[in-house]
Every structure is written in structure tokens, then in C-alpha cells.
Amino acid sequence: MEALCPRWMVFLWTIFGLFVGVSLDTNEAEVEPTPGPLNTSGPLTIHFPLRQGPLSETQPPPVAPQRSWRAARRRRGVRGISFVDMIDNLRGKSGQGYYVEMAVGSPPQKIIGGVDSSLYVGDLWYTPIRREWYYEVIIVRIEVNGQDLNMDCKEYNYDKSIVDSGTTNLRLPRKVFQAAVKAIEAASSTEQFPSGFWLGEQLVCWQAGTTPWHIFPVISLYLMSENRNQSFRISILPQQYLRPVEDMASAQEDCYKFAVSQSSTGTVMGAVIMEGFYVVFDRQRKRIGFAVSTCHVHDEFRTASVEGPFHGVDLEDCGYNIPQTDESTLMTIAYIMAGICALFMLPLCLMLCQWRFSRCLRPPGAGDFADNISLLK
């Protein structure tokens with residue numbers, strides 16, 4: 001009984017935190033009472049810092065953003081944590097009535113409830129959720145350094161495109177991955193990289209502080225907006241899709257792994273994509289919002305951005321629909337199989353009927369008299 005007490009305490013603490021407001025740190029939990037009466041007219045806001053150490057949300061970018069960004073990323077690592085399951089279990093209806101937002105930066109944090117305009121700059125662009133189970137969205141175009149991959153937009157969404165904070169990399173379907181790697185490799189051709197680097201099997205290292213970010217292209221994803229004939233673009237910098245690997249690096253080197261990988265289950269926009277963006281998972285209105293975070297990644301040449309609108313036609317057709325088998329075809333097959341079974345069963349039924357009729361037509365006692373004669377012989 002004593003061993004179960006801590007689990008019950010954690011469960012009660014989680015319930016209490018959802019309705020009162022809890023500030024959690026990585027090493028300790030502390031209750032912060034909300035001043036004044038509790039407002040029940042709107043959703044509550046709960047902040048979940050993912051690493052220790054205070055940092056003002058309105059603090060201006062450091063003087064050397066490239067090095068500071070790298071140092072911050074080393075401290076926190078690249079990871080995705082989801083609280084949606086927790087809401088599902090407690091509320092019972094997929095967090096109905098709540099917003100679930102992610103502001104990834106320094107420090108990375110989860111926010112449950114409301115939209116905090118102080119955590120992003122510019123406009124907040126929304127893309128509709130196609131299927132809620134996977135936070136599925138529709139990608140209508142992909143560019144590398146402004147050059148379109150010129151693929152059928154259905155290829156980008158084969159067999160689905162989802163936003164998932166629990167996945168680290170940007171994962172692309174095989175054909176799209178091959179085309180994207182070819183374009184990225186061509187854009188960064190001033191340096192030669194081993195083929196294993198593009199497959200995520202090998203690292204590349206430079207002397208500390210000399211990473212040539214400028215030779216790597218910007219990857220742009222166009223997402224369908226709430227207006228089905230418009231899209232918006234999120235621009236992903238190499239500081240996002242080149243993931244630092246601290247275990248293999250030394251004090252004199254910065255080592256990176258290519259964080260774009262091949263997928264057999266569709267496109268997955270993982271944590272490295274969401275870094276630098278303020279991402280809103282609005283389950284109530286079935287949409288996901290993107291804006292530039294106040295702690296977005298940037299260097300002296302480029303900055304992460306969310307821009308739009310871009311006009312198109314029938315962008316919803318870019319979504320991949322799983323082919324449905326025609327029910328009439330299944331019924332035809334079922335009838336054919338039933339007919340074959342009947343043909344095989346008909347002779348057996350006829351033989352059984354003939355045997356039964358022959359026994360009924362036999363005179364009474366004829367069977368016993370025949371048996372007696374055979375015994376005499």
C-alpha cells in the first residue's frame with residue numbers, strides 16, 4: 001500500500017495542476033497560486049518549462065546569435081514531449097475546450113490554454129487539421145533555396161503529412177526525400193560531404209565557431225491555409241535541420257547530423273522543424289498555427305520566417321486519399337465463391353438423398369433376413 005502512495009500523489013497533483021495552475025521545473029515542482037478569483041470563463045494557461053534556469057520571454061536576441069543559439073541547443077538537446085495524451089486521459093474527449101501550444105526555443109516549453117502573443121512576432125498562420133488522430137495537414141509545395149521540387153503535390157502527402165513534436169527529424173517520403181537531398185547537395189556543392197551524411201549515418205565536423213551555415217540552403221514548406229485556395233510558407237534554416245551531436249564533438253569541433261530522413265509512413269514535421277516557431281495545436285477549431293517565435297533561429301544572413309498568402313487552385317486535392325475498395329466488387333467475388341461452393345456440395349447432397357430414399361423403399365425386415373443368410377453361409 002505504501003508503494004502506491006507516490007503514484008496516487010502524482011495523479012492528484014496532475015489533476016490539481018490542470019485546474020489551478022502549476023509551474024514545473026525539471027528538478028522540482030512548485031505551486032504558484034493564481035492571484036485573485038479563478039476565471040472559469042475561458043481556458044486555463046499552464047506553462048511547462050523543459051529545462052532549468054529562468055530566461056525572460058521578452059529578452060532581446062544575444063549579440064552573437066549563432067553561437068548563443070548553438071550553446072542553448074547543446075544545453076537542452078533535441079527532444080519532443082507531448083501532453084496531448086495526458087489531456088485525453090483526463091478529459092476523455094481529446095482535450096476538448098483546450099488549446100495545446102508549443103513554443104520551442106530557449107527555454108523550450110509547452111503551454112496549455114490560450115494564445116500568448118508575447119511569444120511570437122508577425123502573423124499567426126493556421127492550416128486546417130485534415131484528420132485529428134495524427135494532426136494531419138496538407139503540404140502543397142516544397143522548395144530548396146527558392147527552387148520548386150516540381151513534384152505532384154500528392155507525393156508530399158503520401159500517405160499522410162503530420163505535425164509531431166515527438167519526432168526529432170523532418171521525415172519525407174522516399175521520392176520526395178531523394179529529390180530534396182539532390183537539391184540540397186547541389187546547393188551546398190562548394191564542400192564535399194560523404195554519402196553517408198545525407199543518409200544520417202555519418203557526421204560532419206568543423207572547427208568550433210566556423211560552421212559554414214551560408215553554404216546550406218533554406219528549405220521551404222508550403223501549407224494549405226484555412227482558405228482552401230491559399231497557402232503560407234514556413235522557411236527552415238540549416239541551423240534547424242543540421243542537428244548538433246555533442247557526444248561525438250570535442251571542445252575544438254562542432255559536429256552535426258543531417259536531420260532530414262526517409263520515411264515509409266508519410267511526411268513527419270518533427271521537433272527540428274518546429275524549433276524557432278510558435279506552434280499552436282488548436283484541437284477545438286481543428287487547426288494548427290505557425291508563427292515566428294521571439295527566440296527564433298537566425299544568423300547574419302537569414303532568419304526563420306512564416307509568410308503568406310500564396311494563391312493556388314484546389315489545394316485540398318493535394319491530400320492523399322487511401323484508395324477504397326469498391327463494395328460491389330467484393331459482393332461479386334462473394335457471390336462467385338458461394339456459387340463454386342454450391343457446385344461442390346450439390347453432388348454430395350444428391351448422393352445423400354439417394355441413400356436415404358433407398359433405405360425408405362426397402363421392405364421391413366429385409367435387412368435382417370439378408371444378415372441371417374450371410375451368417376448361415
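Predicted, not measured: the structure shown is a model, and the values here were computed from it. (Residues numbered from 1 in each chain as written. Predicted model: local features only at pLDDT ≥ 70, side-chain atom pairs only at ≥ 80, totals over all residues. Heavy atoms only, no water.)

## Some details on the packing of aromatic side chains
What describes a pair of aromatic rings is the distance from one ring centre to the other and the angle between the planes of the rings.
Here comes step 1: Per the counting criterion, the structure on display carries 18 aromatic pairs.
Here comes step 2: Residues Trp213 and Tyr256 carry aromatic rings whose centres are separated by 5.2 Å and whose planes lie at 75° to one another, so their mutual orientation is edge-to-face. One end of the pair, Trp213, is in the loop between β12 (204-207) and β13 (219-224); the other, Tyr256, is in strand β16 (residues 253-258), with 43 residues separating them in the sequence.
Here comes step 3: What makes Tyr256 buried here is its relative accessible area of 0%.
Here comes step 4: Every member of this aromatic cluster is reached through a ring pair, and the members are Phe193, Phe197, Trp198, Trp206, Trp213, Phe216, Tyr241, Tyr256 and Phe258.
Here comes step 5: Note that Arg141 overlies the ring of Tyr222, its terminal NZ or CZ placed 5.4 Å from the centroid.
Here comes step 6: Over the ring of Tyr126 we find Arg287, and its NZ or CZ is 3.6 Å from the ring centre. (Phe/Tyr/Trp six-rings, centres within 6.5 Å; stacked < 30°, edge-to-face > 60°. Helix = DSSP H or I, 4+ residues; strand = E, 2+ residues; numbered from the N terminus. Buried < 20%, exposed > 50% of the residue type's maximum accessible area, 1.4 Å probe, protein only. Lys NZ or Arg CZ within 6 Å of the ring centre and 35° of its normal.)

## A word on empty space enclosed by the protein
To find the voids left in a structure, one rolls a probe of water-molecule size over its atoms.
Here comes step 1: Overall, the coordinates contain three cavities of 30 Å³ or more when judged by the stated rule.
Here comes step 2: Considering only enclosed or pocket space, the second largest cavity measures out at about 40 Å³ in volume.
Here comes step 3: Taken together, Ile142, Val144, Leu170, Leu172, Ala180, Ile219 and Leu221 make up the full set of residues lining the second largest cavity.
Here comes step 4: In the lining of the second largest cavity, the residues fall into seven nonpolar, no polar and no charged. (1 Å grid on protein atoms, 1.4 Å probe; cavity = no way out; pocket = protein on both sides within 12 Å on 5 of 7 lines; lining within 4 Å. Points joined across faces, edges and corners; volume = space filled by probe spheres on them. Nonpolar A, V, L, I, M, F, W, Y, C, P; charged D, E, K, R; others polar.)

## A closer look at the sheet that holds β16
Here comes step 1: Taken together, three strands build an open sheet; the order of strands is β12-β16-β15 and the sheet is antiparallel. Where the open sheet ends on each side, the last strands, each with one partner, are β12 and β15 (242-244). Direction aside, neighbouring strands of the sheet carry axes that sit 35° apart on average.
Here comes step 2: Note: β12 against β16, four bridges, orientation antiparallel. Paired with Val204 across the two strands is Tyr256, which belongs to β16. (Pairing = 2+ DSSP bridges. Axes fitted to C-alpha atoms, helices over the stretch in contact; angles between N-to-C directions.)

## Quick word on the nonpolar core
Here comes step 1: If you look at the biggest cluster of nonpolar residues, it comprises 59 residues, and the most contacted ones within it are Ile234, Tyr241, Phe258, Met269, Ile288 and Phe290.
Here comes step 2: Discounting chain neighbours no more than four positions away, the residues touching Ile234 are Ile219, Ser220, Leu221, Met269, Ile273, Phe277, Phe290, Ser305 and Val306.
Here comes step 3: Membership of the second largest hydrophobic core comes to eight residues, among which are Tyr120, Leu124, Tyr126 and Tyr278. (Core = buried A, V, L, I, M, F, W, Y, C linked by side-chain atoms within 4.5 Å. Contact = heavy atoms within 4.5 Å.)

## Some remarks on the side chain of Gln240
Here comes step 1: Position of Gln240 relative to the elements: it lies in helix α7 (residues 238-241).
Here comes step 2: Since its relative accessible area comes to 0%, Gln240 is described here as buried.
Here comes step 3: Among the polar contacts made by the side chain of Gln240, one reaches the main-chain carbonyl oxygen of Val272 at a distance of 3.5 Å.
Here comes step 4: Here the side chain of Gln240 touches Glu275 through a polar contact of 2.7 Å, landing on its backbone oxygen. (Polar contact = N/O pair within 3.5 Å; in protein donor to acceptor, adjacent residues only side chain to side chain.)

## Examining unusual backbone geometry
Here comes step 1: In this model, Tyr158 is joined to Asp159 through a cis peptide bond whose omega is -5°.
Here comes step 2: Here the bond from Gly308 into Pro309 is cis, since omega is 0°, no more than 30 degrees from zero.
Here comes step 3: As for its position among the elements, Pro309 is in strand β21 (residues 305-311).
Here comes step 4: Of note in this structure, Asn145 is not a glycine but carries a positive phi near 55°.

## Considerations on the confidence of the model for the protein
Here comes step 1: For the protein, mean pLDDT is 75; residues scoring 70 or higher make up 65% of the total.
Here comes step 2: Ignoring residues within four places in sequence, the model shows residues 1-5, a span with pLDDT below 50, making zero contacts including any to other chains. (pLDDT = per-residue confidence, 0-100.)

## As for the state of the cysteines
Here comes step 1: Counting across every chain of the model gives two disulfides.
Here comes step 2: Each sulfur of the disulfide joining Cys153 and Cys318 lies 2.1 Å from the other. Where Cys153 bonds to Cys318 through sulfur, the torsion about that S-S bond is close to -90°, and the disulfide is left-handed. Linking Cys153 in helix α4 (residues 153-156) with Cys318 in the loop between β21 and α9 (327-361), this pair joins segments that are 165 residues apart in sequence. In this pair, the class of Cys153 matches that of Cys318, namely buried.
Here comes step 3: Each disulfide in the protein links cysteines that, numbered along the sequence, combine into the pattern 1-4, 2-3.
Here comes step 4: No disulfide involves Cys349; its nearest neighbouring cysteine sulfur is the one of Cys353, lying 6.6 Å away.
Here comes step 5: On the basis of relative accessibility, which here comes to 38%, the residue Cys349 falls in the partly exposed class. (Disulfide = S-S within 2.5 Å.)

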